[in-house]
Amino acid sequence: MSAINFDIAIQGGGPVGLACAAWCLQKFPEAKIVLLDRNPVDDADLAAADSRGIALSHGSKLLLDTINAWPIECADIHRVHVSQAGRFGRALMTREELGQDALGHIIRYRDIHLTLRKALRAIQTKSPNFVWKHIDAQADTLNIQAKCVVHAEGGLFKTQDWVESGRDYEQSALVGLVEVENAAPYQAWERFTSEGPLAVLPSHYGSNILNLVWCGTPSSSQARLALSDAEFLKSLQAEFGSRIGQFLKIQDRRLYELGLNYRKEITQGNEVWIGNAAQTLHPVAGQGLNLGLRDAYLLAEKLSALFSKPEDQKTPLAIETTLQDYAQSRKADRSATIGLTDFMARIFTSNLFPIVVGRGLALSALQWLPSVKTALARQMMFGRR
Ligand SMILES: Cc1cc2nc3c(=O)[nH]c(=O)nc-3n(C[C@H](O)[C@H](O)[C@H](O)COP(=O)(O)OP(=O)(O)OC[C@H]3O[C@@H](n4cnc5c(N)ncnc54)[C@H](O)[C@@H]3O)c2cc1C
C-alpha cells in the first residue's frame, strides 16, 4: 500500500494541536494537513473529561476569537488578590489599573477542548485537503508521510515519555470546585502557603462556586485527597482564612503532579515541538496553555506562508529554515515565560527566612509600584513580543 503524502502532519489533538490546525487552514485552506488525534471522535465521550479550571489571558482570547473558538461558559477575573498565609505582604491587581475589560478568564479544560474541536470542524468544511484522523494509542503502523511534522502530544509532568531540562518541584496540585459563603464576584485569590500556592478562582457556575488549585507536597496533597469532605473543608479553611466566609462544599477533587520540563531545541530537521510537547510548566502563573496557543499561532503563520508557495519551493531546506526561523521568533517569549514561572514556583514555596521576608517586601513593592505591576501583568496577559 502506498503512503499518503501530506505537507504537514500534526500529532496531538489537544487544544494546541487543534488550534494550530485551525490557524493553518484558516490562513491557507488548500493546505494538505493531517491531524493525528488520539481522542474519541464523539464529543460526548469527552464531556465528562478534565474539568479543571484554566486561566486564559486576554491575549489568548484575542487569538481564539479569530477562529470563533472562545467558549461560552467562561468566568471573567476583574481583580486578583495576592497574599502570603500567616506573613506580611499583599498586592491587589485590578482591571481598571490595566485598562482592560478583564485580567483573565477561567474556563474548564474540556470546554476549551470541545470549543476548539467545533471550530476546527467548521473550518474543515472549507478545507478540501485536510484529514482529521482519529487513532488509538497502539496505532504505530500508520502509512502516512509528511514534509513537516508538528509535535503537539502535550502531556502532564511525569507522564511524558521525554525529559530534557527542568525541575521536579516535588509538588502536586489538588484541584476541585468549592462552594463558599460569600465571594465577591469576578475576584481571584492567590495565597502563598508554606507548601505552595493556593488559588481560588471564579467559575461560570456563579459567584459562590469557585475553582480551587491547592499546591502542596505530594504526600500532603495525597492525604488531602483522601480526607472526607468535611475534614477537607476544615483544613482548607484553616489555610485560606475567612476572607470569603465559610467553605461549604467540595466536589471533583483531582491531583496533578507538578514540575518543569522543557526542550532547549524545539526543532530538529523537519520536526517542531509546540505547547506542552515543547514545555510543561508549573500552573502557579497560569501560563502553560497561553504560551502553547502563542506557539501554535506563530507556527501556523510561518507554515501557511511556506506551504502556500509553489510546489518546487517547499524543499527540505526551505522547511528546515522556516522552522528555525519560528524557533528564533519564539525564543524571547518562551524564556521569559518559563523563567518567570520557574522563579515564582520556587520563590513562593521557600520557607527560608530571608526569602519569606523578601517576598513579603516584593508583594508590598508591587502594590506601591504601579509600573512594575503593570509590566508583570502585561507579560502574563500577552507574553513577550
Ligand atoms: C493543575 C493544572 C492547572 C493548569 N492551569 C493552567 C492555567 O490556569 N492556564 C494555562 O494557560 N495553563 C494551565 N495549565 C497547563 C495546560 O493544561 C497545558 O499547558 C495545556 O493543556 C497544553 O495543551 P497541549 O494541547 O499542548 O497538551 P494537552 O492538553 O496535554 O493535549 C495533548 C493531546 O495530544 C494527545 N496525544 C498524546 N500523544 C499523542 C500521539 N502520539 N498521537 C496523537 N495524539 C496524542 C493527548 O491525548 C491529548 O489530547 C495547567 C496545568 C495543570 C496540570
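Our subject is the structure that appears above.
No experiment lies behind these values; they were computed from the predicted model shown. Going along each chain's sequence as written, the residues are numbered from 1 onward. For this predicted model, a pLDDT threshold of at least 70 governs which residues receive local features, and a threshold of 80 or more governs which side-chain atom pairs are given and counted, while totals over whole chains, interfaces and linings are taken from all residues.

Participant: Hey, could you run me through the sheet that holds strand β7 (residues 104–108) in this one?
Facilitator: Within a beta sheet, neighbouring strands are joined by backbone hydrogen bonds and run either parallel or antiparallel to one another. Strands pair, by our definition, only if DSSP identifies at least two bridges between them. Runs of E in the DSSP output that reach at least two residues are strands. Runs of H or I that reach at least four are helices, and both are numbered from the N terminus. One open sheet holds the three strands; their spatial order is β3-β7-β4, and the pairing between them is antiparallel. In this open sheet, the two edge strands, each paired with only one partner strand, are β3 (53–56) and β4 (75–77). Taken pair by pair, the neighbouring strands of this sheet meet at an average axis angle of 30 degrees, ignoring direction. By definition, residues are in contact whenever their C-beta atoms, placed on the basis of the backbone, come within 7 Å of each other. Fitted lines through C-alpha atoms serve as axes, helices being fitted only where they are in contact, and the angles separating the N-to-C directions of these axes extend from 0 to 180 degrees. Sheet strands touched by helix α4 (residues 109–124): β3 and β7. Its angle to β7, the strand with the most contacts, is close to 85 degrees.

Participant: Can you help me understand the site of the ligand in this one?
Facilitator: Any residue whose C-beta atom, as placed from the backbone, lies within 6 Å of a molecule or strand is termed near it. Near the ligand, the surroundings consist of 33 residues, among which Gly-14, Gly-154, Gly-275, Gly-286 and Gly-288 are the closest. When residues of the shell around the ligand are traced back to their parent elements, those giving at least two are α1 (15–27), β2 (33–37), β3, β10 (165–180) and α7 (288–307). A total of four residues in the shell around the ligand trace back to one element, the largest contributor, which is α7. A class-by-class count of the residues in the shell around the ligand yields 14 nonpolar, 15 polar and four charged. The nonpolar class holds Ala, Val, Leu, Ile, Met, Phe, Trp, Tyr, Cys and Pro. Asp, Glu, Lys and Arg form the charged class, and all remaining residues, Gly among them, are polar.

Participant: Help me understand the environment of Pro-29, please; the structure alone is not making it clear to me.
Facilitator: Of note, Pro-29 is situated in the loop between α1 and β2. Given 17 C-beta atoms within a 10 Å radius, Pro-29 is considered partly exposed. Separated by 96 residues in sequence, Pro-29 and Thr-125 have C-alpha atoms that sit 9.7 Å apart. Beyond its immediate sequence surroundings of up to four residues, Pro-29 is in contact with Lys-126 and Ser-127. Between the buried cut of 20 or more and the exposed cut of 12 or fewer other C-beta atoms within 10 Å of a residue's own C-beta lies the partly exposed class, and all C-beta atoms are placed from the backbone.

Participant: Hey, could you run me through the sheet that holds strand β16 (residues 271–273) in this one?
Facilitator: Strand order across the open sheet formed by six strands is β8-β2-β1-β9-β16-β15, with mixed pairing between neighbours. Every other strand in the sheet has two partners, leaving β8 (130–134) and β15 (267–268) as the edge strands with one partner each. Pairing between β2 and β8: five bridges, direction parallel. Residue Leu-35 lies in a different strand from β8, and its bridge partner there is Trp-132.

Participant: What am I meant to see in the environment of Thr-115 here?
Facilitator: As for its placement among the helices and strands, Thr-115 is situated in helix α4. For Thr-115, a count of 22 C-beta atoms within 10 Å translates into the label buried. For Thr-115, the residues in contact, after removing those within four places along its chain, are Ala-69 and Pro-71.

Participant: Hey, could you run me through unusual backbone geometry in this one?
Facilitator: Backbone phi values are negative for most residues with the exception of glycine, while trans is the configuration of most peptide bonds. Residues other than glycine seldom take positive phi values, yet Lys-158 does so here, at roughly 75 degrees. One can find Lys-158 in the loop between β9 (144–151) and β10. The phi torsion at Tyr-186 lies on the positive side, around 65 degrees, for a residue other than glycine. Considering the arrangement of structural elements, one finds Tyr-186 in the loop between β10 and β11 (187–193).

Participant: Explanation requested: the pairing of strand β12 (residues 196–202) in the structure shown.
Facilitator: On any regular strand, side chains alternate: one points to one face of the sheet, the next to the other face. The element β12 is largely enclosed, with a buried count of seven among its seven residues. Here five bridges tie β11 to β12, and the two strands are oriented antiparallel to one another. For Arg-191, the partnering residue across the bridge sits in β12 and is Leu-198. In sequence, β11 turns back onto β12 through a hairpin of two residues. One ladder, built from five bridges, connects β12 with strand β13 (residues 209–216); its direction is antiparallel. Paired with Leu-201 across the two strands is Asn-211, which belongs to β13. Taken together, β12 and the strand that follows it, β13, pair antiparallel across an intervening segment of six residues, in which Gly-206 is found at a positive phi of about 135 degrees.

Participant: Explanation requested: the nonpolar core in the structure shown.
Facilitator: Side chains of nonpolar character tend, in soluble globular proteins, to be buried together. Core analysis: the largest hydrophobic core is formed by 92 residues, its most contacted members being Ile-8, Cys-20, Ala-22, Cys-24, Ile-33 and Ile-274. Residues in contact with Ala-22, not counting those within four places in the same chain, are Ile-67, Ala-69, Leu-116, Ala-119, Leu-120 and Ile-123. Put simply, a nonpolar core is buried Ala, Val, Leu, Ile, Met, Phe, Trp, Tyr and Cys residues tied into one set by C-beta atoms within 7 Å.

Participant: What am I meant to see in the packing of α1 against α7 here?
Facilitator: Helix-helix packing is described using two parameters, namely the angle between the two axes and the distance between the axes. Relative to each other, α1 and α7 sit at 30 degrees, their axes nearing to 8 Å. It follows that α1 is roughly parallel to α7 by the angle criterion. Crossing hand, α1 versus α7: right-handed. Residue-level contacts link Pro-15, Val-16, Ala-19, Cys-20, Trp-23, Cys-24 and Lys-27 of α1 to Leu-289, Gly-292, Leu-293, Asp-295, Ala-296, Tyr-297, Leu-299, Ala-300, Glu-301, Leu-303 and Ser-304 of α7. Across the contact of α1 with α7, the residue classes break down as 13 nonpolar, two polar and three charged. Put simply, angles under 35 degrees are roughly parallel, angles over 145 are roughly antiparallel, angles from 65 to 115 are roughly perpendicular, and the rest are oblique. Less than a right angle of anticlockwise turn of the near helix away from the far helix marks a crossing as left-handed, whereas a clockwise turn marks it as right-handed.

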